[in-house]
Amino acid sequence: AVKRGVEQLRTMAEASGGTAYFPLSLEELEEIYALIADELNSQYAISYYPDNQSFAGTWRELRVLVPAHPEYVVQVRPGYYGVARQSR
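From a predicted model like this one, the values you see are computed outputs, not experimental measurements.

Colleague: Looking at this structure, how should I read the environment of Lys3?
Modeller: Here Lys3 lies in helix α1 (residues 2–15). Sequence spacing of Lys3 and Pro78 is 75 residues, and the spatial spacing of their C-alpha atoms is 23 Å.

Encoded structure:
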């Protein structure tokens, strides 16, 4: 049950563009909190309007690239389903 729960948390974190942490002791929490704080301090919000205006519920892959800095790591969810706003 624990293994299944860990995998479910990892899956949810990945689907939302996040990270799952699994500390084994209280001493690890300080380092994890620092990692989370660093991540929160470097977040940006990017939005766009897709050229594909067909909202048939199909999967749309997301990729965010920084051509001027290919060494940058962009953490983003893998995609989304294109559905009309009134269908949500």
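There's more to say after this.
Colleague: Could you clarify how one ought to interpret the packing of aromatic side chains in this entry?
Modeller: Given two aromatic rings, one states the distance between the centres and the angle between the planes to describe the pair. Applying the stated criterion to the full structure yields 1 aromatic pair. Here Trp59 and Tyr81 contribute two aromatic rings whose centre-to-centre distance is 4.8 Å and whose plane-to-plane angle is 65°, an arrangement assigned as edge-to-face. Remark: Tyr81 occurs in strand β2 (residues 79–83) and Trp59 occurs in strand β1 (residues 56–61); sequence separation between them is 22 residues. Judged by relative accessible area, Trp59 falls into the partly exposed class, the value being 43%.

Colleague: Hey, could you run me through the pattern of salt bridges in this one?
Modeller: Note on pairing: side chains with opposite charge can pair once their charged atoms come close. Taken as a whole and judged by the stated rule, the model has 2 salt bridges. A salt bridge links Arg63 to Glu61; its shortest N-O distance comes to 3.5 Å. Accessibility assignment for this pair places Arg63 and Glu61 in one class, exposed.

About the cut-offs
Residues numbered from 1 in each chain as written. Predicted model: local features only at pLDDT ≥ 70, side-chain atom pairs only at ≥ 80, totals over all residues. Heavy atoms only, no water. Helix = DSSP H or I, 4+ residues; strand = E, 2+ residues; numbered from the N terminus. Phe/Tyr/Trp six-rings, centres within 6.5 Å; stacked < 30°, edge-to-face > 60°. Buried < 20%, exposed > 50% of the residue type's maximum accessible area, 1.4 Å probe, protein only. Salt bridge = Lys/Arg side-chain N within 4 Å of Asp/Glu carboxyl O.

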